[in-house]
Structure formats: C-alpha cells, structure tokens
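Commentary on secondary and tertiary structure
Here's the letter readout for the chains.
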Amino acid sequence: MNSDLPGFYKMGLEDRLNEIKKIAHLTDEETNSLRTGGINWQTADLMIENVIGTTKMPIGIATYFTINKKDYVIPMAIEEPSVIAAASHAAKLARQGGGFTATSTEPMMIGQIQVIGIDDIRYAEKMVLANANNIKKIANKNDSTLIKLGGGAKGVETKILETERGRMLIVHLLVDVRDAMGANAVNTMCESVAPYIEELTGGKTRLKIISNLAVKRTVKAKAVWKKTVVGADVIDGILDAYAFAKADPYRCATNNKGCMNGIDAVMISTGNDFRAIEAGAHAFAALNGYKPLVKYELKEDDLVGTIELPMAVGIVGGTTKTNPIARIALKILGIKTARELGEIAACVGLANNFAALRAMVTDGIQKGHMKLHAKNIAITAGAKDTDVYVVAQKMAAEGNVSVSRATELLKELQREETEKTGNE
Ligand code: COA
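Residues numbered from 1 in each chain as written. Predicted model: local features only at pLDDT ≥ 70, side-chain atom pairs only at ≥ 80, totals over all residues. Heavy atoms only, no water.

Let us now look at the packing of aromatic side chains. The final tally for this structure, using the stated rule, is 4 aromatic pairs. When the ring of Phe 100 is compared with that of Trp 225, the centres are 6.3 Å apart and the planes differ by 85 degrees; the resulting orientation is edge-to-face. Remark: Trp 225 occurs in strand 8 (residues 218-225) and Phe 100 occurs in strand 3 (residues 100-104); sequence separation between them is 125 residues. By relative accessible area, which is 1% here, Phe 100 ends up buried. We classify Trp 225 as buried; its relative accessible area is 0%. Taken together, a centroid distance of 3.9 Å and an interplanar angle of 5 degrees make the contact between Trp 225 and Phe 354 stacked. Placement of the pair is Trp 225 in strand 8 and Phe 354 in helix 14 (residues 338-360), with a sequence separation of 129 residues. (Phe/Tyr/Trp six-rings, centres within 6.5 Å; stacked < 30°, edge-to-face > 60°. Helix = DSSP H or I, 4+ residues; strand = E, 2+ residues; numbered from the N terminus. Buried < 20%, exposed > 50% of the residue type's maximum accessible area, 1.4 Å probe, protein only.)

In structure tokens, the structure reads:
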C-alpha cells in the first residue's frame, strides 16, 4: 500500500472511491455499501431500542500516513470539515521526517469490583490477594474463546478507598481482552467473581464494571517535524502553544479536543465505542492535573511530538460485525490486530493536534477551516447542485465565508440565470 497520494482530494468522488477500491481490493458490493451508507433499517432495530431510523456521516480518507515504516490510507468518519485535510497535511509533513512510530502495551483492561461493609478491611484485602489465582480461575470459566486466544483474567490488584460513605475495598481484575474492546468480557468476569469475593471478605459487592481509564492498555506515538520542512517559526509557535496548554486548562481542553477530532473519526469509521475512548483520554490527561495529550520538544532544531493515551479499541465483537462500513474500514486499513488500530488512531490524534497548532501559529485556524466549510455554508444558504461549488469558491476566494455572503451570491447567480434565460 502506498498512502503517498498527492492531490487525492482534487479527484472526483467516483475516481477517489475507485482509487481506494484498487488499493484495498474492495469488492463491488463494498464500494456500493460506501456509496449508500451502512446499517440498514432492520439491522438498526436489532442493535438498540425504540429505533425509528438510521443516520449517516461522511467517511473520508486521510492520506500520507506512514506508521512504523508501513503506509496506511485511513478512513475517518466525521461531520466537521478540515479535520481530514489537516490530518493528511500533518502526515505529509511528518513523512519527510520518517513518518510516525508507535508502540502499544498488551490489551489489558481493568474491571472494578466495589466491596462495602467489611469489618476488617486490611485482612479482607490480604484474603483477596492470597486467593488471586482462584479469582482468576473463576473469571476465566466465562470465556473459553478468549482463553484459547491467549487472553483472559491475568491479575488481581486491590486498593482501599476512604469515601464519604465510609471505607471501601476496590478489587481490580486485570483482563487481557486481545482484539476486543472488552467491556462485555470484563463486566461478565467481574460479576462472576463477585460472590467469591464476598465470601473472602465478608463484605457486600456493589458495582462490578469495567474502567474506561485503561492505563494498562495504552499507545505511544511519535513524529518528527523537521525544521527544514516546517520552518523555525512554526516550531517556535507550536512550543509556545504547548506551554500555554500546559499552563491553562481552558486552552488544554480545546487542545485535547483537537487530538480527539482525529481519534474519534477513526473510532466511528471502524465501529468503535468513541465515548469510551474520550472518557479514557481525558481521565488519563487529568491524572496529574489536566495536561495536553501531546508533548512537544525540540531535538536538534526539529520538533518532536509524542502522544500517549489509553486505547480500548476492538476489531472483533461490538458492532464491528453488524456495521458493514466498520468491516470495510478495517479492510481499507489492512490491519490484523486491535493494537495496530490503536496505534493508527493515536498517530491520527497526534497529526490533528500538530496540524491545528501549525494553522493557528501561521494563518489562524479559520482560513483553512472556513475554506473547507464554504460548501456547507452555501448549502445552508439554499444553494443546490453546481451552485454550491460556485458560491463556495467565490466565498473562499474573497475570504468571506458567511451565510449572508452566500445568500447574496446565490441571488446574484439566480439574477444572472434569469437574465440569460430572458435573453434567450
Ligand atoms: N481536502 C483534503 N486534503 C487537503 C485539502 C482539501 N481541500 N487541502 C489540503 N489538503 C491536504 C492534502 O493532503 C495536501 O497535500 P497534497 O496537495 O499533496 O494532496 C496537504 O493538505 C497540503 O496542501 P496545501 O494546499 O499545502 O494545504 P494548505 O496549506 O492550504 O492547508 C489545511 C489547508 C486545511 C490542510 C490547513 O489549513 C490545516 O491543516 N488547517 C487546520 C485545520 C484543522 O485543524 N481543523 C480542525 C479544527 S477546526
């Protein structure tokens, strides 16, 4: 696969789809699914409650990504213009510094069991730890497939919490969930070990549930943006922007949202639980006071960006089977493991953060964003068919992208059209 696709965005819609069809060896059925959109009405009714319909979101391809020396074209589902352009732009610039590198931990999720009403909490804690093997054995009776694949409950940890409702023992069940997101497997295991934990502790278990703060399932990704490629001013500006985000939670929230623009778009296209990823990312960023997910530093005049965050993603289970678009997105990525998907998503988050900061320290975010938002604004003003492009192009050229300007331009077009028809 070669993701070096200059001008991909200038191709027509059909040509673009055909290019990806060739690259990812998609079938006609798969390209038709991409044209018409994913989950059908009847399937939707099987997925959630009180269904009345489905909704669609555009999927685009981020180009230029090379990660651990392998090229990827990356499907991103998002309603916001400029995010995919931004990711591709950052990846294009990073490519000249060798692209992205990424590593990840084993896919270990944490399940929490809350135990209350214990008389001797220190003794109870010792009992749980002394019987960790039995707890794991009970947990592992639930999921023979996971065990066959090398996953399953691998560890038990404890902590005592002082809370407004008294002392509580919290038991953490560490579960290797392999290529699943893991919520169902972990929750089932936590519920199955609860009676034994009550026996061991003499307490009562309350919550038995996965934690989205998946600190044992993280990804680290890195890229180098060379001074010779992006310029000393951009590097200086990004370092100032990073210092601002480190010092100010108001800025930091928006900074981290910029990473999640890209990460969520990969999660949605691949049918993953983006709420879990969001919760994990922000909780991780807040572990020692809320901080930027991406760190920047200067190395030999070049800018090095590093992102680290929990990445509870799956390529099996969940809606990955029911949502045909999710299956196609995974095929386009050409990946075999959930870890690889997590590494890709982290690189996209890093790319989006870099691109947004680069834009803000140069032209300002609005220039690129509004240029790409112009078509939406033209549609909002009532433009249809080719008028959308004409109005959008004029607004972008004038640097005035607004509904009022689009309405004026549309009226002008309609006047010209009437005069033309009158003359004929
Ligand atoms: N559609 C898709 N990709 C686009 C694009 C478009 N309209 N315009 C640029 N790109 C990508 C392409 O990969 C392009 O490389 P290519 O021409 O070899 O295919 C690469 O960006 C560089 O193109 P260039 O014309 O130099 O980009 P630019 O300097 O005009 O930048 C943006 C345009 C949008 C990419 C840039 O302003 C940006 O990154 N802005 C940040 C937007 C952002 O962060 N938005 C989210 C928060 S609001």
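A word on the site of the ligand. Taken together, 22 residues form the shell around the ligand, and within it Gly 7, Tyr 64, Ser 82, Lys 92 and Leu 372 come nearest. A distance of 2.7 Å separates a nitrogen atom of the ligand from a polar side-chain atom of Ser 82. Note that an oxygen atom of the ligand is positioned 2.7 Å from one of the side-chain N or O atoms of Lys 92. Protein contact buries 77% of the 920 Å² of open area that the ligand shows by itself. Elements represented by at least two residues in the shell around the ligand include exactly strand 1 (59-67), helix 4 (83-95), helix 14 and helix 15 (365-380). Ranked by residues supplied to the shell around the ligand, first place goes to helix 4 with 6 residues. Each residue belonging to the shell around the ligand can be placed in one class, and the counts come to 11 nonpolar, 8 polar and 3 charged. (Near = heavy atom within 4 Å. Polar contact = N/O pair within 3.5 Å; in protein donor to acceptor, adjacent residues only side chain to side chain. Areas by Shrake-Rupley, 256 points an atom, 1.4 Å probe, with all protein chains shown as cover. Nonpolar A, V, L, I, M, F, W, Y, C, P; charged D, E, K, R; others polar.)

In the structure shown here, the tally under the stated rule is 19 salt bridges. Residues Glu 80 and Lys 257 are paired through a salt bridge, measuring 3.2 Å at the closest nitrogen-oxygen approach. Here Glu 80, found in the loop between strand 2 (70-77) and helix 4, pairs with Lys 257, found in helix 11 (residues 249-269); they are 177 residues apart in sequence, far enough to count as distant. Classification of Lys 257 by relative accessible area gives partly exposed; the value is 42%. Each of the salt bridges in this network shares a partner with another, and the network as a whole consists of Glu 106, Asp 176, Arg 178 and Arg 339. (Salt bridge = Lys/Arg side-chain N within 4 Å of Asp/Glu carboxyl O.)

Right, let's talk about a positive patch on the surface for a bit. Taken together, Lys 220, Lys 246, Lys 291 and Lys 295 make up a surface patch of like positive charges. Structurally, Lys 291 can be placed in the loop between helix 12 (274-285) and strand 9 (294-299). Taking the relative accessible area as the measure of exposure, Lys 291 reaches 34% and is therefore partly exposed. (Patch = residues over 30% accessible without salt bridge, like charges linked within 9 Å, V, L, I, M, F, W, Y side chains within 5 Å. Lys, Arg positive; Asp, Glu negative; His and termini not counted. Charge placed at Lys NZ, Arg CZ, Asp CG, Glu CD.)

The grouping of Met 360, Val 361 and Ile 365 at the surface amounts to a nonpolar patch, some 210 Å² of accessible area in total. Locating Met 360 in the fold gives a position in helix 14. Since its relative accessible area comes to 38%, Met 360 is described here as partly exposed.

Now for the domain arrangement of the chain. For the chain, the assigned domains read domain 1 (8-104 + 218-360), domain 2 (108-210) and domain 3 (367-423). Centre-to-centre separation of domain 1 and domain 3, based on C-alpha positions: 31 Å. Tallying the contact residues gives 4 residues for domain 1 and 5 residues for domain 3. Together, the buried faces of domain 1 and domain 3 total about 320 Å²; carbon and sulfur atoms form 71% of this surface. Across the contact surface, domain 1 and domain 3 share 0 salt bridges. Counting across the interface, domain 1 meets domain 3 through 2 residue pairs in polar contact (both at pLDDT 80 or more). Of the residues assigned to the side of domain 1 that touches domain 3, the class counts are 2 nonpolar, 1 polar and 1 charged. (Domains from an automatic or database assignment. Contact = heavy atoms within 4.5 Å. Buried area = accessible area lost by both parts, 1.4 Å probe.)

With that settled, consider helix 16 (residues 386-398). In this model helix 16 runs 19 Å from its N-terminal to its C-terminal C-alpha over 13 residues, within 8% of the 18 Å that 1.5 Å per residue would give. For helix 16, the complete set of buried residues consists of Val 388, Val 391, Ala 392 and Met 395. Down the axis of helix 16, the smallest arc covering the buried residues is 100 degrees, so these residues share one side. Along helix 16, the residues that are exposed and aim more than 90 degrees away from the buried face are Thr 386, Tyr 389, Gln 393 and Ala 397. The positive-phi residue at the C-terminal boundary of helix 16 is Gly 399, with phi of around 75 degrees. (Expected span 1.5 Å × (residues − 1). Arc of directions from axis to C-beta.)

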